[in-house]
Amino acid sequence: MEFNQQIPLLLDISTPDRTGYTLPELDVPEVELTELVPESLLRETEPQLPELSEVEVVRYFTNLSRRNYGVDVGFYPLGSCTMKYNPRMNEDIAALPGFSRIHPYQPEHTVQGALRLMYELDQYLAEIAGLAKSSLQPAAGAQGEYAGLLIIKAYHEARGEGEQRAEIIVPDSAHGTNPASAMMAGFTIKTVPSDERGGVNVAALKELVGPQTAGLMLTNPSTLGLFEDNIVEIAEIVHDAGGLLYYDGANANAILGITRPGDMGFDVVHFNLHKTFSTPHGGGGPGAGPIVVSEELVQFLPGPVVEKAEEGYYLAFPEKSIGRVKSFYGNFGVLVKAYAYIRHLGAEGLRQVSENAVLNANYLMHHLKNAYHLPYDRTCMHEFVLSGKWQKEFGVSTLDIAKRLLDYGIHAPTIYFPLIVEEAIMIEPTETESKATLDRFIQIMFTIAEEAKDNPEAVKAAPTTTPVGRLNETQAARNPILRRQAK
Ligand SMILES: *Cc1c(COP(=O)(O)O)cnc(C)c1O
């Protein structure tokens, strides 16, 4: 690893006998350590502990925390991830003792408020999806996909076609989790190619469907940020063949209050609350990937789900439930934050979210296509995909461009995805960025395009202003060094 700035260890800045604490005088009888701990368990050498004053410790960790980058620090155009600003109000509400100090084993009558929140969130998500009922259990988008696919499987089994319907169709632009989840759920994957406009190749789809089709998984707008305008015909083709339609709604930032997966013909949907519904993400969780299904599939939902009776709210398992997909009821704290977000914005506000997200993306796309190749030049939805192939001619790759952005204080976009675009740069600004921020980003992207032509070495050497330089990303992921030893 290449360090641009040295990061000392606490031990490196330790001074013998310096302390950061004061203890009160001993008010109990003093005993020998050996009276409490057997001699064989006592250490032979002094532990090597840093000795520092309180202010030194505070400064050390504050400075370390400032080496991290997040959406609270600056712009984060990470396509497909919807790195919008998360309102602090959500955090305050999730921290209320009535939400944060309850236990999943408490009797139902003592947690009616929490159950009501889950019930209402289920109903809001159903309304947003245009479908019947949700399960809030899945902890991530990928887990929602897996649960949804198990439901599709259970549906075919209940109709006596479990064996026969073994194939899930996935477009070549799909998020990697789609084929992975389908594989884990025991299906065979069939890939349908995209057409020249970036949509599903309908003729190829017609060839693929048949009595072996369990379903189609689709992201709409697709990972190219393009709306699938043949969706009604696509839904008909799959339904006529006896299959179901799964909507990957991880990123629903373009459709809130404008269109609904249920109206497009989808049977199962998952949403990522940690993308569209403003709950924090990154670093691996916790997240929430609730699924919403059509009336016909409610009986298969994972349990327990919240139901409502005269006497109040209660937990129950749907009749032919696929069982639990997670302990208890999902990541409750995340559910509270998403609920607060939805209630705060209301129907009007949610629609505005999507309108502004789409406007911001089109604004960026309109400008950036002057400096970067735009493979699908159509009105985009919440994101769009550029190609770095013009810069590649000067020996500068998309990876170099992404690294150079870090030097200008901006998080890198998603790169090399979707796989069908060469040198892909996937940009999603979200609705929470101002025009001033977008204009600054455009300027920086223009500057990098100029540098690629006039000074490619500067781009290829990036980043030079971050604490660490270029990492071997495979090594960093497979063998992370999480602890440094003192010299
Ligand atoms: C993020 C994402 C997923 C996966 O969601 P996780 O919560 O990371 O499992 C699936 N599909 C699409 C299109 C996504 O953007």
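Residues numbered from 1 in each chain as written. Predicted model: local features only at pLDDT ≥ 70, side-chain atom pairs only at ≥ 80, totals over all residues. Heavy atoms only, no water.

**Student:** Describe the domain arrangement of the protein, with residues and values.
**Tutor:** Under the domain assignment, the protein is made up of domain 1 (88-345) and domain 2 (352-478). Look at where the C-alpha atoms of domain 1 and domain 2 centre, and you get two points 30 Å apart. On the domain 2 side, the residues contacting the 27 residues of domain 1 number 22 residues. Approximately 1,800 Å² of surface area, both sides summed, lies buried where domain 1 meets domain 2, with 59% of it carried by carbon and sulfur atoms. If you look at where domain 1 meets domain 2, you find 1 salt bridge. A salt bridge links Asp229 to Arg378; the nearest nitrogen and oxygen atoms lie 3.8 Å apart. On inspection of domain 1 and its partner domain 2, the count reaches 9 residue pairs in polar contact (both at pLDDT 80 or more). Here the side of domain 1 that touches domain 2 is composed, by residue class, of 12 nonpolar, 10 polar and 5 charged. (Domains from an automatic or database assignment. Contact = heavy atoms within 4.5 Å. Buried area = accessible area lost by both parts, 1.4 Å probe. Salt bridge = Lys/Arg side-chain N within 4 Å of Asp/Glu carboxyl O. Polar contact = N/O pair within 3.5 Å; in protein donor to acceptor, adjacent residues only side chain to side chain. Nonpolar A, V, L, I, M, F, W, Y, C, P; charged D, E, K, R; others polar.)

**Student:** Give a detailed account of the site of the ligand, specifying residues and quantitative values.
**Tutor:** Every residue lining the ligand is accounted for by Ser80, Ala140, Gly141, Ala142, Glu145, His175, Thr177, Asp248, Ala250, Asn272, His274 and Lys275. Here an oxygen atom of the ligand sits 2.7 Å away from a polar atom, N or O, in the side chain of Lys275. Here the ligand loses 85% of its free accessible area of 380 Å² to cover by the protein chains. Counting residues per element, the shell around the ligand draws most heavily on helix H6 (residues 141-158), which supplies 3 residues. Among the residues forming the shell around the ligand, the class breakdown is 3 nonpolar, 6 polar and 3 charged. (Near = heavy atom within 4 Å. Areas by Shrake-Rupley, 256 points an atom, 1.4 Å probe, with all protein chains shown as cover. Helix = DSSP H or I, 4+ residues; strand = E, 2+ residues; numbered from the N terminus.)

**Student:** Run through the packing of helix H5 (residues 112-129) against helix H11 (residues 332-368), naming residues and quoting values.
**Tutor:** Two elements in contact, H5 and H11, have axes whose closest approach is 10 Å; the angle formed by their N-to-C orientations is 50°. As far as their axial angle goes, H11 and H5 are oblique. Remark: the crossing between H5 and H11 carries left-handed chirality. Side by side, H5 and H11 meet where Ala114, Leu117, Met118, Glu120, Leu121, Tyr124, Leu125 and Ile128 of the first sit next to Phe332, Leu335, Val336, Tyr339, Ile342, Arg343 and Leu350 of the second. (Axes fitted to C-alpha atoms, helices over the stretch in contact; angles between N-to-C directions. Parallel < 35°, antiparallel > 145°, perpendicular 65-115°, else oblique. Left-handed = near helix turned anticlockwise from the far one by under 90°.)

**Student:** Would you mind going over the pattern of salt bridges in detail, with residue names and values included?
**Tutor:** All told, the structure shown has 23 salt bridges when counted by the stated rule. The partner of Glu56 in a salt bridge is Arg18, with the nearest N and O atoms 2.7 Å apart. Placement of Glu56 in helix H2 (residues 54-65) and of Arg18 in the segment before helix H1 (33-36) is noted, with a sequence separation of 38 residues between them. A residue is classified by how much of its surface remains accessible, and Glu56, at 23% relative accessible area, is partly exposed. Across the pair Lys84 and Glu431 runs a salt bridge whose closest N-O atoms are separated by 2.9 Å. (Buried < 20%, exposed > 50% of the residue type's maximum accessible area, 1.4 Å probe, protein only.)

**Student:** Could you give an account of helix H9 (residues 231-240), naming the residues involved and the relevant values?
**Tutor:** For H9, the set of buried residues is Ile231, Ile234, Ala235, Ile237 and Val238. Mapping the buried residues of H9 onto a view down its axis gives an arc of 160°, with all of them on the same face. In H9, the exposed positions that point more than 90 degrees away from the buried face belong to Val232 and Asp240. Packing partners of the buried residues in H9 comprise helix H8 (202-208), strand S4 (213-218), strand S5 (244-249) and helix H10 (261-264). Two residues or fewer past H9, Gly242 is found with a positive phi of approximately 90°. (Arc of directions from axis to C-beta.)

**Student:** Describe the side chain of Lys275, naming the residues involved and giving the relevant values.
**Tutor:** Structurally, the position occupied by Lys275 is in the loop between strand S6 (268-271) and strand S7 (291-293). Here Lys275 sits buried without a salt bridge, and the closest side chain of opposite charge, Asp248, lies 6.7 Å off (N-O distance). Apart from the residues within four sequence positions on either side, Lys275 is in contact with Ser80, Cys81, Thr82, Lys84, Ala250 and His281. (Lys, Arg positive; Asp, Glu negative; His and termini not counted.)

**Student:** With reference to specific residues and values, describe the nonpolar core.
**Tutor:** Soluble globular proteins tend to pack their nonpolar side chains together in the buried interior. Counting residues in each nonpolar core, the largest one holds 58 residues, and the members touching the most others are Leu125, Leu205, Phe271, Leu273 and Phe277. When residues of this core are traced back to their parent elements, those giving at least two are H5, H8, S4, H9, S5, S6 and H11. No other element matches the 11 residues that H11 contributes to this core. When residues are assigned to domains, this core turns out to be shared by domain 1 (88-345) and domain 2 (352-478), each giving three or more. Apart from the residues within four sequence positions on either side, Phe277 is in contact with Leu125, Ile128, Leu256, Phe271, Asn272, Ala338, Tyr341 and Ile342. (Core = buried A, V, L, I, M, F, W, Y, C linked by side-chain atoms within 4.5 Å.)

**Student:** Which residues make up the sheet that holds strand S12 (residues 424-427), and what values do they have?
**Tutor:** Paired through their backbone hydrogen bonds, the strands of a sheet run either parallel or antiparallel. One open sheet holds the 3 strands; their spatial order is S10-S12-S11, and the pairing between them is antiparallel. Edge strands, defined here as strands with exactly one partner in the open sheet, are strand S10 (384-387) and strand S11 (414-415). The strands touched by H11 within the sheet are S10 and S12, with S10 carrying the most contacts at an inclination of about 20°. (Pairing = 2+ DSSP bridges.)

**Student:** Kindly report on helix H14 (residues 435-454), identifying the contributing residues and their values.
**Tutor:** Given a rise of 1.5 Å per residue, 20 residues ought to cover 28 Å, and the 28 Å separating the end C-alpha atoms of H14 matches this to within 8%. All of the buried residues along H14 are Leu438, Phe441, Ile442, Ile444, Met445, Ile448, Ala449, Glu451 and Ala452. Buried residues in H14 make contact with H11, helix H12 (389-392), helix H13 (398-407), S12 and helix H15 (456-460). (Expected span 1.5 Å × (residues − 1).)

**Student:** An account of the environment of Gln112 is needed here, citing residue identities and associated values.
**Tutor:** Following the sequence through the fold, Gln112 ends up in helix H5. Using a relative accessible area of 24% as the deciding quantity, one classes Gln112 as partly exposed. Separated by 202 residues in the primary sequence, Gln112 and Tyr314 place their C-alpha atoms 8.2 Å from one another. Those residues in contact with Gln112, other than ones at most four positions away along the chain, are Gly312 and Tyr313. Separated by 3.2 Å, the side chain of Gln112 and the backbone oxygen of Glu108 make a polar contact.

**Student:** Outline the packing of aromatic side chains, supporting the account with residue identities and numerical values.
**Tutor:** Following the criterion strictly, the structure yields 10 aromatic pairs and no others. When the centroid spacing of 5.2 Å and the interplanar angle of 90° are considered together, the rings of Tyr60 and Phe61 count as edge-to-face. Centroid distance Tyr69 to Tyr76: 5.9 Å. Interplanar angle 45°. Geometry classified as tilted. Members of the aromatic cluster, joined through ring pairs, are Tyr105, Phe328 and Tyr329. Sitting over the ring of Phe187, Lys153 keeps its end group 5.3 Å from the ring centre. (Phe/Tyr/Trp six-rings, centres within 6.5 Å; stacked < 30°, edge-to-face > 60°. Lys NZ or Arg CZ within 6 Å of the ring centre and 35° of its normal.)

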